[in-house]
Structures are given as structure tokens and as C-alpha cells.
Amino acid sequence: MSHPLHILGISGSLRSQSTNSLLLASLKHVLPSTVSFSIYNGLESLPHFNPELEEPTPPATVVAFRKELAAADAVVFCTPEYAFGLPGALKDGLDWIVSSGEFTNKPVVLISASPLATGGEKALVSLETTIKVMGAKIPDGGTIAIPFIVKKIDKQGIITDKETAERLQQLMDVLIEFIPENKRTLEEM
Ligand SMILES: Cc1cc2nc3c(=O)[nH]c(=O)nc-3n(C[C@H](O)[C@H](O)[C@H](O)COP(=O)(O)O)c2cc1C
């Protein structure tokens, strides 16, 4: 039986005032109302990755993360860059999914946002490498780096920069179009 399209957002930042988490939350305003969107909030609770912890049963937080991923038709990442790489917590979370396989063939788009001019593009490239090796599928135009993020979003999470708002809208359009047709149950289709 078909179900309403569900997209899961994952922020790479654990900060309460994270610009990446704010940006991620803003995406619900550019998605059609028929699409459900939720944000994974368990990254901080995952144990450091250790494959030995899989036996006899994986940690409950890991099981919950895998379930949320399995239930999502697509995933959007939005991450900062730390020391020219991915935040450790995000890489750690992804390592838990390598063997369980929830990213296999999963439609995924990636955003990095930074106060710097580079937009965190090294983290974006690193995330792309990791997520692809796990079998996720990224559409053409499915990665964007956003520089000078603090000038483009306000404290309420409203995107104040027109070009950035348009890029985010395009990214969500590309993602929805990329989700296999048999999973799309949008009213307008
Ligand atoms: C230890 C540390 C390392 C950082 N390294 C980078 C970096 O390599 N590239 C970058 O663009 N920003 C870097 N930043 C700045 C972050 O992009 C900035 O703190 C950003 O606001 C974090 O994202 P958030 O607002 O979503 O938490 C670094 C910040 C810290 C605290």
C-alpha cells in the first residue's frame, strides 16, 4: 500500500543555535504540504561506533536511527565543516549504517553551510564520498554549499537571501522528482 512521501532531515551540528539545523528546519516551508518531513534528533545519543557493540543486539539508539532511515523515502543532510572535514558526530552516525544498509538506493541530497566563503565544501565532498559508498543515490544538482550562512538566515530560521531560498527550493524539487515514481503519492501527480 502506498503512503505519503516522507523525507528525513539530518543535521551534522549538535549546537542548539546551529545555523545548519535552522536551515534544515526551514525546508519544510518549501516542500509540498502532502510531503511529511521530520528531523532526526538522536545523533548526540549514539555511542561511538564500535562494531563489537552490534552483538548480541545493537544499542537501542542505533536501532531507532536505522528505523527512522528505513521509514524515509529520501534523506536531506545539512552539515557544517569542522577542521576541513565532516563533524565527528555525523561521521560516527553514518558508520553505524554501513553494515545495516539503510542507505542502499536511498535518494539523498546534501547541503553544507558555513559562515566562511567556502561554504564548507570540503565537508560536502567528504559526505558525498561516504554516503555514495553506502549505496545512496544523489541526483544531478543534489549537492549545494552555502557560504556566508549567517548573513542569509535569521534567528527564526527564515532564509533572508533570495538566491539561497531559490537554490533550496530547487534542491527539494530535484529530490522529489528523483524519488522513484511508485513511491510518489503527491496529490498533484
Ligand atoms: C573547531 C571548529 C572548527 C571549524 N572548522 C571549520 C572549517 O574547517 N570550515 C568551515 O567552513 N567552518 C569551520 N568552523 C566554523 C563553523 O562552520 C561554524 O562554527 C558554524 O556555525 C557551525 O555550524 P552550525 O552553526 O550549524 O553549528 C569551525 C568551527 C569550530 C568551532
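To keep things clear, this report deals only with the structure shown in the data block. (Residues numbered from 1 in each chain as written. Predicted model: local features only at pLDDT ≥ 70, side-chain atom pairs only at ≥ 80, totals over all residues. Heavy atoms only, no water.)

**Observations concerning the nonpolar core**
At step 1: Of all hydrophobic cores here, the largest spans 27 residues; its most connected members are I10, V75, F77, L94, F103 and I131.
At step 2: Counting residues per element, the ones that place at least two in this core are β1 (6-11), α2 (60-71), β3 (74-79), α3 (88-95), β4 (108-113) and α4 (121-133).
At step 3: Here this core takes four residues from α4, the largest share from any one element.
At step 4: In contact with V75, other than residues within four places in its own chain, are L8, I10, L69, F103, K106, P107, V108 and V109.
At step 5: Ranked by size, the runner-up nonpolar core spans 25 residues in total, among them A74, I144, I153 and L171. (Core = buried A, V, L, I, M, F, W, Y, C linked by side-chain atoms within 4.5 Å. Buried < 20%, exposed > 50% of the residue type's maximum accessible area, 1.4 Å probe, protein only. Helix = DSSP H or I, 4+ residues; strand = E, 2+ residues; numbered from the N terminus. Contact = heavy atoms within 4.5 Å.)

**Concerning the packing of aromatic side chains**
Describing an aromatic ring pair means giving the distance of the ring centres and the angle of the ring planes.
At step 1: Within the structure shown, the criterion is met by three aromatic pairs.
At step 2: Measuring from centroid to centroid gives 4.3 Å for Y40 and F65, while their planes differ by 20°, and the two rings are stacked. Of the two residues, Y40 sits in the loop between β2 (36-39) and α2 while F65 sits in helix α2, which places them 25 residues apart along the sequence.
At step 3: Since its relative accessible area comes to 1%, F65 is described here as buried.
At step 4: Geometrically, the ring pair formed by F77 and F103 is tilted, given 5.9 Å between the ring centres and 35° between the ring planes. In this pair, F77 is assigned in strand β3 and F103 in the loop between α3 and β4, connecting sequence segments 26 residues apart. The exposure classification of F77 matches that of F103, with both residues buried.
At step 5: Positioned over the ring face of F84 is K122, at 4.2 Å from the centre of the ring.
At step 6: One residue, K151, lies across the ring of F148, its end atom 5.2 Å from the ring centre. (Phe/Tyr/Trp six-rings, centres within 6.5 Å; stacked < 30°, edge-to-face > 60°. Lys NZ or Arg CZ within 6 Å of the ring centre and 35° of its normal.)

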